[in-house]
Amino acid sequence: MKADEVKSVGIVGGGTMGSGIAQTCATAGLQVVLVDLALEQLTKAQGAINASLAKLQAKQQLPADSATIAGRIRTSTNVEDLRGVDLAIEAAFEDPAVKEDLFRKLDQACKADTVLTSNTSSISITRLAAATKRSERVAGMHFMNPVPLMPLVEVVRGLQTSDETIGFVKGVAERLGKTPIESRDVPGFISNRVLMPLINEAFFALEERVGTAEDIDTVMRLGMNHPMGPLALADLIGLDVCLAVLQVLQRDLGEDKYRPAPLLRSYVAAGWLGRKNGRGVYSYD
Ligand SMILES: NC(=O)c1ccc[n+]([C@@H]2O[C@H](COP(=O)([O-])OP(=O)(O)OC[C@H]3O[C@@H](n4cnc5c(N)ncnc54)[C@H](O)[C@@H]3O)[C@@H](O)[C@H]2O)c1
């Protein structure tokens, strides 16, 4: 199948990323089946999507009425409901066992020629592909948060991913209005390999009282022209997510330069996870 023939997309995981991906696909005119473990999660996802669409509609940034777009998204608690989709995008928990299990289920549920992708930030695509019988049709499709607004998709080539699959995934990303780039399947890909050491160093600097959190972020915003400081960005991503990615980089690349800052560890231990629960480096009401 060619990217411009895709009509439907199945998404597994209706959290921060899955709901954003569902919204983006529906906005581009695709039919979406969004799967999560519990109905309650799906209701939350629909609420988040409706709120985001309403904001975009108010700014006249939607190609169609928000109700028409939302109406393209069907929800389900059963992965088997993805049997008819033209592309699957997995965005469940960042846990290798969860994702391997899902890839086995997707491989059984989806049509034989359907490309299976993962939005993972750090787990090996080659490893997920090995849980299927279609490793040449498995790739990474790494969206950035918040998905409807961020124009990049990192397309990750596993050991056995075919050129055709890479071309197909890039083509779909373009249909979603995104710019795809290609990364090799190494821990952190390009984005987190470069971003996470920056965030980690900001935590070390905060811990050593080189400056306040506000001043560290201001240096990067006004001095380096970053739209957002690294500590505020860490709060947006989730401090638990940052810690988990750094642990993967340190373990899998075998280099101490990725050692997570003790301050980052203790914030996560305290339950300060960032914007999502109201407290991270900064407080959110
Ligand atoms: N948050 C980010 O900034 C960001 C950015 C890029 C990539 N990612 C990646 O995207 C993925 C999802 O991250 P998130 O932040 O949306 O997480 P999240 O915790 O907000 O959402 C995950 C969702 O997956 C669901 N889920 C878990 N196991 C499932 C299963 N077996 N079947 C169906 N649903 C299941 C959960 O109920 C939850 O709703 C992760 O792999 C993460 O590394 C996250």
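Residues numbered from 1 in each chain as written. Predicted model: local features only at pLDDT ≥ 70, side-chain atom pairs only at ≥ 80, totals over all residues. Heavy atoms only, no water.

*Asks:* Sorry, what's going on with the overall build of the protein here?
*Replies:* Within the protein, the regular secondary structure consists of eleven helices and eight strands. Against the compact-globule benchmark of 19 Å for 285 residues, the protein has a radius of gyration of 19 Å, which places it among compact chains. Seen through its C-alpha atoms, the protein measures out along the principal axes to roughly 55 × 45 × 35 Å. Taking all contacts inside the protein whose residues are at least 6 apart in sequence as the whole, residues at least 24 apart take part in 66%. Taken as a whole, the protein presents about 13700 Å² of accessible surface, with 53% of it coming from carbon and sulfur. The distance from the centre of the 31 positive side-chain charges to the centre of the 34 negative ones in the protein is 2 Å. (Helix = DSSP H or I, 4+ residues; strand = E, 2+ residues; numbered from the N terminus. Rg over C-alpha atoms; globule rule 2.2 N^0.38 Å. Contact = heavy atoms within 4.5 Å. Areas by Shrake-Rupley, 256 points an atom, 1.4 Å probe, with all protein chains shown as cover. Lys, Arg positive; Asp, Glu negative; His and termini not counted. Charge placed at Lys NZ, Arg CZ, Asp CG, Glu CD.)

*Asks:* Looking at this structure, how should I read the environment of Thr16?
*Replies:* Examined against the element boundaries, Thr16 turns out to sit in helix 1 (residues 16-27). For the pair Thr16 and Ile49, spaced 33 residues apart in the sequence, the C-alpha separation amounts to 10.0 Å.

*Asks:* Just checking my understanding: could you explain the environment of Val9 for this structure?
*Replies:* Within the secondary structure, Val9 is located in strand 1 (residues 8-12). Placed 17 residues apart in sequence, Val9 and Ala26 show a C-alpha to C-alpha distance of 9.0 Å. The residues touching Val9, leaving out its near neighbours within four places in the chain, are Cys25, Leu30, Gln31, Val32, Val33, Val85, Leu87 and Ile89.

*Asks:* When you look at the sheet that holds strand 5 (residues 115-118) in this model, what are you seeing that I'm missing?
*Replies:* In a beta sheet, neighbouring strands pair by backbone hydrogen bonds and run either parallel or antiparallel. Across the sheet, eight strands lie side by side as 3-2-1-4-5-6-7-8; this open sheet has mixed pairing. On the outer flanks of this sheet lie strand 3 (73-76) and strand 8 (179-184), each paired with one strand and no other. Between one strand axis and the next, the sheet turns by 25 degrees as a mean value, whatever way the strands run. In the sheet, strand 4 (residues 87-90) pairs with strand 5 via four bridges, with the strands oriented parallel. Within the sheet, the bridge partner assigned to Ile89 lies in strand 5 and is Thr117. (Pairing = 2+ DSSP bridges. Axes fitted to C-alpha atoms, helices over the stretch in contact; angles between N-to-C directions.)

*Asks:* What am I meant to see in the site of the ligand here?
*Replies:* Inspection of the region around the ligand gives 23 residues, with Met17, Asp36, Gln41, Glu94 and Lys99 positioned closest. Within the backbone of Thr16, one N or O atom sits 3.1 Å away from an oxygen atom of the ligand. Bound to the protein, the ligand loses 85% of the 830 Å² it would expose on its own. If you list the elements that add at least two residues to the shell around the ligand, you get helix 1, helix 4 (96-109) and strand 6 (138-143). The leading source of residues in the shell around the ligand is helix 4, at three residues. (Near = heavy atom within 4 Å. Polar contact = N/O pair within 3.5 Å; in protein donor to acceptor, adjacent residues only side chain to side chain.)

*Asks:* Where do I start with the domain arrangement of the protein in this structure?
*Replies:* Interfaces are often sized by the amount of accessible area the parts lose when they come together. Split into domains, the protein comes out as domain 1 (3-184) and domain 2 (193-275). Relative to domain 2, the C-alpha centre of domain 1 lies at a distance of 27 Å. (Domains from an automatic or database assignment.)

*Asks:* Mind showing me how you'd approach the pattern of salt bridges here?
*Replies:* Opposite charge on two side chains permits pairing when their charged atoms draw close. In this structure the tally under the stated criterion is 13 salt bridges. Asp81 is the partner of Arg83 in a salt bridge, and the nearest nitrogen-oxygen pair spans 3.8 Å. Given a relative accessible area of 48%, Arg83 falls into the partly exposed group. What makes Asp81 partly exposed here is its relative accessible area of 26%. Taking the shortest distance from any N to any O, the salt bridge between Asp101 and Lys105 comes out at 3.1 Å. With Asp101 and Lys105 both in helix 4, this residue pair falls four residues apart, about one helical turn. The exposure class of Asp101 is partly exposed, given its relative accessible area of 32%. A residue is classified by how much of its surface remains accessible, and Lys105, at 40% relative accessible area, is partly exposed. Counted as one network, the salt bridges with shared partners bring together Arg157, Asp163, Lys170 and Glu182. (Salt bridge = Lys/Arg side-chain N within 4 Å of Asp/Glu carboxyl O. Buried < 20%, exposed > 50% of the residue type's maximum accessible area, 1.4 Å probe, protein only.)

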